Amino acid sequence: MKAIDFACRLLRALADEPHSESMQRVLLGLAAGLETAADIAHQTGLTPGTCTACLRRLKQEGLVADICGDWCIYRLTQQGKKAVAGIFSFMPRPH
């Protein structure tokens, strides 16, 4: 798959995804390995308040779990991993 094909298919998949653009950024940030609200906000260009609101909403939907101590660490749940995998379902399967 060429880069342009990947980009177009990803954009199409995101357009069909039910979450807002901000929530999609948070989901993809978590899938990329970002763990804190500050890191997600910084890397995605979201404001800290928007990022926190998205994390709270995704947690309510069961897509994200948190572990809070001195810092809150966020992770995708199994349901969240399935949601992200659905976004990338256009990718060819390895043989």
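This is a predicted model, so every value here is computed, not measured.

> Help me out: how do you make sense of the state of the cysteines in this one?
Under the definition given, this model contains one disulfide. The residue that forms a disulfide with Cys 68 is Cys 72, at a sulfur-sulfur distance of 1.9 Å. An S-S torsion of about 105° defines the bridge between Cys 68 and Cys 72 as right-handed. Looking at Cys 54, it has no disulfide partner, and the nearest cysteine sulfur is the one in Cys 51, 6.7 Å off. Among the residues examined, Cys 54 registers a relative accessible area of 7% and is labelled buried.

About the criteria used
- Note that residues are indexed from 1 along each chain, following the sequence as it is written.
- Since the coordinates come from a predicted model, pLDDT governs what is reported: local features require at least 70, and pairs of side-chain atoms require 80 or more to be given and counted, while whole-chain, interface and lining totals use all residues.
- Each side-chain value is derived from all of the structure's non-hydrogen atoms; neither hydrogens nor water enter the calculation.
- By disulfide we mean two sulfur atoms from cysteines, separated by a distance within 2.5 Å.
- Burial classes follow relative accessibility: with a 1.4 Å probe on protein chains only, a residue under 20% of its type's maximum area counts as buried, one over 50% as exposed, and anything between as partly exposed.

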